[in-house]
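Report on the structure
Residues per chain, in single letters:
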Amino acid sequence: MANQSNSCPFPRTFLLLLVLLLAMTSQGWASDLFPVDRQTFPYYPSLLQYPPPQAEFTPPEVCAECHSRQYEEWTSSVHALAFVDPVYQGELNHAVKAVGHDISRQCEGCHSPAGVVTGEIRGAGLNGLSQMALAGVSCDICHSVTAVTHCQTPSREPENGSMVVTPGVARGDQIVLQKYGPNPTTELCGMEFHECAESPLHLRADLCASCHQVYHYETHFPLEATYLEWKHGPYAQREILCQDCHMVDIETFRRSADRFIKPERHEYRHYFNGANFLLYFLAAQNYTQTGDQQRAENAMDKFRMAVERLQAAAGLEVMPVYRNRQLSELKVRVKNLRAGHNLPTSLTNVRQMWVELTATDATGQVLVSSGHLDPKGELEPETRNLNSEGMGDNFHFAIDPWVVTAFSRHDTIPPKGYKEIYFGLLPVVSKGEVQVSVRLRYRQASQKVAEKLLGAVPDDIDLEKTYGLSAVPELPVVDMAQVATSFPAMEGD
Ligand code: HEC
Ligand code: HEC
Ligand code: HEC
Ligand code: HEC
Ligand code: HEC
């Protein structure tokens, strides 16, 4: 299927020898883990390529003149917000200070590829940037992708922005814009604004892969592995792609996930809707501040869609465990019903998905309580969090992607799989029923991390003016699934 890894030009053994040779002839092999041809990858550590004739990119508002439906769908999507996202800007600001701009360009290669090739982005901040750079992952990024490289990448898979973007082609001494799409070209295609080319790549997950497979810039540790989680799972085997769940409405996504039926061609939409409800909410606040009510509603529609998608993603079951006839434990099974990759995925060491559980006996005594938020919005200790935890070289807990070089814990749930968590109960004294309530809860980050990132936005983003926020509010939480039930305290009662 969509895997070309076997068709790379030179054999692995050759590459291995080359790596070994380079490792031996240089000091510090870590930085030479991947011998980089800077001519091929001028934006390294981003593996983005922008070969001649380097035609200019076109901002999405121009595409909108003829493709208004796609524009409407893409507007306020996470892709449209990928660069202006205040959470991203806060972290980019930290990155530039920590490792310098040459290295943090890696971030921009995925969050604003056009801003990288024009060289206009010099760090965090939005002032003075072109419309195209601010537009993040916009129309002309995806529809100028002519290839993704996997043969020359360290993992031999698409990764770290390893796409080739070619917005135009040379015809004699003229440059004409050429756009790559899923359909066979027609006579009128592009109406003389652009030419069209049929692109099988746009009908494959590889188009998404180079940005949705993120490695550490130096040690090459896989920080975000959505593409490979998908590729090694049941959906890839059945040819259900990223597009089949994220470029369709909720009903169609459920059908793709439940029955492995591919959407009809006319059902595709440019929503790129995932789990990040917080970002849509912030965007809506921003549009309200600027008086653009229509866009605010557009963003809130996407907010609701993300919440619905999260609620369709997981299932929850609770089972009693008896010892000597006494109810002694509760077994909670969390199922990944409809995510095409692990649940949660991507920034798993930042996202939080946890089980909140309370059990009380007939007298009202609490037998177990876990996963509640304290008054500061933090999770209580020992919360069962089904995310991951990152660490640096020194084995200490870390969040920042330039520090994290391993996971000390990785508890995400594979596609169509499940995880079981046991909760021990205090000895049951009274007879009668034990009441149990369980929720699977999700938020984008811990309160502390959100405060750290939003607190670090560059000077030209004013949280109060842009988002109407005078302080970072308590982060909203979505309940993905819940169960309320009861079990007899004594088996057989
Ligand atoms: C290979 C592509 C790629 C690179 C390189 C990359 N990112 Fe990202 N980034 C993504 C994707 C894809 C997501 C969305 C993941 C998700 O939603 O869980 C993301 C999400 C984020 C978020 C979360 C945004 C939010 O609103 O919650 C932050 C912050 C972020 N990236 C910062 C960075 C920084 C800083 C760097 C550089 C050190 C970086 N990224 C490098 C692809 C990339
Ligand atoms: C993240 C990548 C991505 C971005 C951003 C993107 N597209 Fe697409 N686009 C696709 C893919 C993939 C398809 C094919 C969907 C399918 O299987 O039919 C597509 C299909 C299309 C089509 C064919 C008709 C259709 O809707 O399926 C047009 C026209 C189009 N895009 C225009 C645009 C415009 C205009 C924008 C910006 C407002 C845009 N695209 C943004 C990836 C993208
Ligand atoms: C002057 C009008 C016009 C503008 C501006 C325009 N397009 Fe198109 N484009 C068309 C027409 C007409 C078609 C053929 C019918 C269709 O697919 O909508 C087309 C087709 C496409 C296709 C092929 C879709 C497929 O079915 O495979 C893609 C991709 C595309 N355009 C992307 C873009 C992008 C990206 C921009 C902005 C950089 C853009 N277009 C700007 C008129 C335009
Ligand atoms: C040029 C890089 C790039 C390409 C290509 C790309 N993405 Fe993304 N995508 C990103 C980044 C960066 C983010 C996160 C932005 C942020 O959170 O600030 C993201 C976010 C998303 C999200 C939202 C996640 C959430 O948390 O809600 C979905 C869904 C998604 N992408 C799907 C796709 C699909 C499907 C494709 C292929 C058709 C694709 N992406 C191609 C860079 C890319
Ligand atoms: C069978 C449907 C399905 C397929 C296929 C699928 N996804 Fe998802 N995806 C989901 C669901 C449901 C969620 C929300 C739950 C979650 O966060 O995992 C999601 C969430 C995401 C997120 C947001 C993660 C976060 O925490 O913010 C990203 C990014 C993403 N998907 C990208 C992709 C990419 C890239 C592919 C292809 C390699 C893909 N998805 C394939 C269903 C799917």
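Residues numbered from 1 in each chain as written. Chains lettered and ligands numbered in written order. Predicted model: local features only at pLDDT ≥ 70, side-chain atom pairs only at ≥ 80, totals over all residues.

Okay, the site of ligand 4 next. Near ligand 4, the surroundings consist of 27 residues, among which C208, C211, C242, G274 and N276 are the closest. Contributing elements (two or more residues each) for the shell around ligand 4: α5 (101–111), α8 (139–142), α9 (206–209) and α12 (242–246). Taken together, the residues that form the shell around ligand 4 break down as 18 nonpolar, eight polar and one charged. (Near = placed C-beta within 6 Å. Helix = DSSP H or I, 4+ residues; strand = E, 2+ residues; numbered from the N terminus. Nonpolar A, V, L, I, M, F, W, Y, C, P; charged D, E, K, R; others polar.)

Here we take up the site of ligand 2. Inspection of the region around ligand 2 gives 24 residues, with C63, H67, Q70, C139 and C142 positioned closest. Where the shell around ligand 2 is concerned, the elements lending two or more residues are α2 (60–64), α3 (68–74) and α8. Broken down by class, the residue content of the shell around ligand 2 amounts to 14 nonpolar, nine polar and one charged.

Let us now look at the sheet that holds strand β4 (residues 174–181). Spatial strand order, β3-β4-β5: three strands in an open sheet with mixed pairing. Single-partner strands in this sheet number two, and they are β3 (168–171) and β5 (195–198). On average, each strand axis in the sheet is inclined to that of its neighbour by 40°, with strand direction left out of account. Bridge analysis of β3 against β4 gives four bridges, and the strand direction is antiparallel. In the strand pairing of β4, G168 is matched with L177. (Pairing = 2+ DSSP bridges. Axes fitted to C-alpha atoms, helices over the stretch in contact; angles between N-to-C directions.)

Turning to the domain arrangement of the protein, a few remarks are in order. Examined at the domain level, the protein breaks down into domain 1 (5–212) and domain 2 (313–488). Between domain 1 and domain 2, the C-alpha centre-to-centre distance is 35 Å. Residue classes in the side of domain 1 that touches domain 2 are distributed as seven nonpolar, six polar and one charged. (Domains from an automatic or database assignment.)

A word on helix α13 (residues 250–259). For α13, the set of buried residues is F253, S256 and A257. Projected down its long axis, α13 shows its buried positions confined to an angular sector of 90°, all on one face. Residues of α13 that are exposed and point more than 90 degrees away from the buried face comprise E251, D258 and R259. On its buried face, α13 is in contact with α12 and α15 (293–313). Downstream of α13 by a residue or two, F260 has a phi angle that is positive, lying close to 55°. (Buried ≥ 20, exposed ≤ 12 C-beta atoms within 10 Å, placed from the backbone. Arc of directions from axis to C-beta. Contact = placed C-beta atoms within 7 Å.)

Taking 1.5 Å per residue, 21 residues should reach 30 Å; α15 reaches 30 Å between its end C-alpha atoms and fits that length. Regarding α15, the residues found buried are N298, A299, K302, F303, A306, R309, L310 and A313. Along the long axis of α15, the arc covered by the buried residues comes to 145°, so they all point the same way. Seen from the buried face of α15, the exposed residues on the opposite side, beyond 90 degrees, are Q293 and Q294. Its buried side turned inward, α15 meets α13, α14 (277–289), β8 (314–323), β16 (433–443) and β17 (478–488). (Expected span 1.5 Å × (residues − 1).)

Judged by nonpolar contacts, the single largest core of 108 residues is most densely connected at A205, Y280 and A283. Per-element accounting of this core gives the leading share, seven residues, to α14. Not counting residues up to four positions away in its chain, the partners in contact with A283 are S76, L81 and A299. (Core = buried A, V, L, I, M, F, W, Y, C linked by C-beta atoms within 7 Å.)

Attention now goes to unusual backbone geometry. Cis geometry marks the peptide bond from Y44 to P45, where omega comes out at 10°. Note on placement: P45 falls in the loop between α1 (12–25) and α2. A cis amide bond, omega -15°, links L343 with the succeeding residue P344. Tracing the chain through its elements places P344 in the loop between β9 (326–336) and β10 (352–360). The phi torsion at E192 lies on the positive side, around 70°, for a residue other than glycine.

This brings us to the sheet that holds β8. Taken in spatial order, the three strands line up as β8-β9-β15 in an open sheet, and their pairing is antiparallel. Only two strands of the sheet have a single partner each, and these edge strands are β8 and β15 (418–424). Sheet twist, expressed as the mean angle between neighbouring strand axes with direction ignored, is 20°. One ladder, built from ten bridges, connects β8 with β9; its direction is antiparallel. Each residue of the ladder has a partner; that of A314, found in β9, is N336.

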